[in-house]
Amino acid sequence: MEIHTPGTLKLSASVLTIGALDGIHRGHQALLLKAKERAEQLGVPFVVYTFDPPPKVFLRNSRQLMSLEEKLHRLMAIGADHVIVGSFNEAFMKQEVPDFIAELQKMNPVEIWEGPNFLFGKNRKGTIEVLRRFFKVEILQPLTCEQGEMISSTRIRKLLQEGNYSQAHKLLGEDYFTSFLAASPYSLQA
Ligand SMILES: Cc1cc2nc3c(=O)[nH]c(=O)nc-3n(C[C@H](O)[C@H](O)[C@H](O)COP(=O)(O)O)c2cc1C
Ligand SMILES: Nc1ncnc2c1ncn2[C@@H]1O[C@H](COP(=O)(O)OP(=O)(O)OP(=O)(O)O)[C@@H](O)[C@H]1O
């Protein structure tokens, strides 16, 4: 797996997923595995574009679920061929939608895979509809928990804050929880 700074990766074809992906929870895992499967079927590299820190950590001071290092390990295990890490700061978030689209075009994505609520660009003006003017965008039906609620990083943060570790465990996924706890600010030793 290769790691890149924004604007440097040029590919003749790819399958792309973009997102904060904080915690790589079961919803993220489903999305990433689907995109990886499509990349394999199409015989093109699988590219993940992520942000550090996650936008909500930078903008709202939300607690970060997973370090960048841990996220990169997870992405490698899932089979990402390339990861672009955008340093999310004042300068980055001022990029207008067309500038970000131009950057994505350098990777010639044949498919972009997202969940239903993906937004991007300055003032969150970029929607799935905007993205669809330029690329083939596929939407994964959101993965929900048994109670029917959508799995999200926000929900997991709340569960951990409430001390509901067993539900957080379920939403993060069995295989992921042990090392997640060891690496996170929610470590049991903390
Ligand atoms: C180029 C760019 C600029 C962004 N600017 C803003 C912004 O001005 N305000 C904001 O709240 N989020 C901004 N974001 C963050 C997005 O709202 C969103 O968090 C990000 O695209 C990741 O999607 P996700 O939250 O679904 O993972 C920006 C994202 C990108 C890629
Ligand atoms: N439960 C889910 N099922 C499918 N896709 C999901 C799910 N949760 C998030 N995604 C998708 O993963 C991508 C990255 O989303 P993001 O990292 O913002 O996740 P999130 O859990 O919604 O985070 P937060 O709660 O902090 O907003 C987006 O395309 C989003 O729609």
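Residues numbered from 1 in each chain as written. Chains lettered and ligands numbered in written order. Predicted model: local features only at pLDDT ≥ 70, side-chain atom pairs only at ≥ 80, totals over all residues. Heavy atoms only, no water.

### Points about the site of ligand 2
This is how the line gets drawn: Consider each residue's heavy atoms; a residue with any of them within 4 Å of a molecule or strand counts as near. For this analysis, a polar contact is any N or O atom pair within 3.5 Å, provided that within protein one partner can donate a hydrogen and the other can accept it, and provided that sequence-adjacent residues contribute only side-chain to side-chain pairs. Under the convention used here, a 1.4 Å probe and the Shrake-Rupley method define accessible areas, while residue burial counts only the protein chains that appear. Labels follow the DSSP assignment, with helices taken as runs of H or I lasting at least four residues and strands as runs of E lasting at least two, numbered in each case from the N terminus. Each residue is assigned to one of three groups, with Ala, Val, Leu, Ile, Met, Phe, Trp, Tyr, Cys and Pro labelled nonpolar, Asp, Glu, Lys and Arg labelled charged, and all others, Gly among them, labelled polar.
For ligand 2, the set of nearby residues contains 21 residues, the closest of which are K56, E114, N117, S153 and T154. The separation between an oxygen atom of ligand 2 and a polar main-chain atom of L21 is 2.7 Å. Notes on ligand 2: free accessible area 600 Å², of which the protein chains cover 91%. At the level of elements, α1 (26-42) and α7 (153-161) are the ones that each hand at least two residues to the shell around ligand 2. When the residues that make up the shell around ligand 2 are grouped by side-chain class, the tally is 9 nonpolar, 9 polar and 3 charged.

### What to know about the packing of α7 against helix α8 (residues 165-172)
Note the following rule: To obtain each axis, a line is fitted to C-alpha atoms, and for helices this fit is confined to the stretch in contact; angles are then taken between N-to-C directions over 0 to 180 degrees. Orientation categories follow fixed angle ranges, with anything under 35 degrees roughly parallel, anything over 145 roughly antiparallel, 65 to 115 roughly perpendicular, and all other angles oblique. Here is the rule for handedness: rotate from the far helix to the near one, and if that takes an anticlockwise turn smaller than a right angle the crossing is left-handed, while a clockwise turn gives right-handed. Working rule for contacts: check all heavy atoms of both residues, and any pair within 4.5 Å makes them a contact.
Here α7 crosses α8 at 155 degrees, and the two axes come no closer than 8 Å. Of the possible angle classes, the one that applies to α7 and α8 is roughly antiparallel. Our pair here, α7 against α8, has a crossing hand that is left-handed. Residues R155, I156, L159 and L160 of α7 touch α8, and the partners they reach there are Y165, Q167, A168, L171 and L172. Its residues assigned to classes, the contact of α7 with α8 shows 7 nonpolar, 1 polar and 1 charged.

### Focus on the sheet that holds strand β3 (residues 46-52)
Sheet strands associate in pairs through backbone hydrogen bonding, adopting either a parallel or an antiparallel arrangement. The condition is simple: At least two bridges found by DSSP between two strands is the condition for calling them paired.
Here 6 strands make up an open sheet; going across it, the order is β1-β4-β3-β2-β5-β6 and the pairing parallel. Taken across any chain shown, the strands that pair with only one partner, and hence form the sheet edges, are β1 (2-4) and β6 (137-139). For this sheet, the mean inter-axis angle between neighbouring strands, taken without regard to orientation, is 25 degrees. Two strands pair when backbone bridges link them, and β1 and strand β4 (residues 82-87) are joined in this way by 3 bridges, in the parallel orientation.

### Notes on the packing of aromatic side chains
The line we're drawing: Two aromatic rings, drawn from Phe, Tyr or Trp (for Trp, its six-membered ring), form a pair once their centres lie within 6.5 Å of each other, and the interplanar angle then sorts them: stacked below 30 degrees, edge-to-face above 60, tilted otherwise. Exposed residues in this analysis have more than 50% of their type's maximum accessible area, buried residues have under 20%, and partly exposed residues fall in between, with area computed by a 1.4 Å probe over protein chains only.
Using the criterion set out here, one finds 9 aromatic pairs in the structure. Ring centres 5.7 Å apart and planes at 40 degrees place the aromatic pair F100 and F120 in the tilted group. With F100 in helix α5 (residues 97-105) and F120 in the loop between β5 (109-114) and α6 (128-132), this pair connects stretches of sequence that are 20 residues apart. Both residues of the pair, F100 and F120, count as buried. Each ring, one from F118 and one from F120, has its centre 5.7 Å from the other, and the planes form 15 degrees; the classification is stacked. With a relative accessible area of 11%, F118 lands in the buried category.

### Some thoughts on the site of ligand 1
Every one of the 17 residues lining ligand 1 counts as a neighbour, but A20, M93, L119, N123 and R124 are closest to it. In this structure, an oxygen atom belonging to ligand 1 sits 2.7 Å away from a main-chain N or O atom of A20. Protein contact buries 85% of the 600 Å² of open area that ligand 1 shows by itself. Elements that contribute at least two residues to the shell around ligand 1 include exactly α2 (55-60) and α4 (90-93). The residue inventory of the shell around ligand 1, partitioned by class, reads 11 nonpolar, 4 polar and 2 charged.

### Some remarks on the pairing of β5
Across the 6 residues of β5, 5 count as buried, placing the element largely inside the fold. As paired strands, strand β2 (residues 14-18) and β5 are joined by 3 bridges and run parallel to one another. When the bridges of β5 are listed, S14 appears paired with P109.

This is a description of form; function is not addressed.
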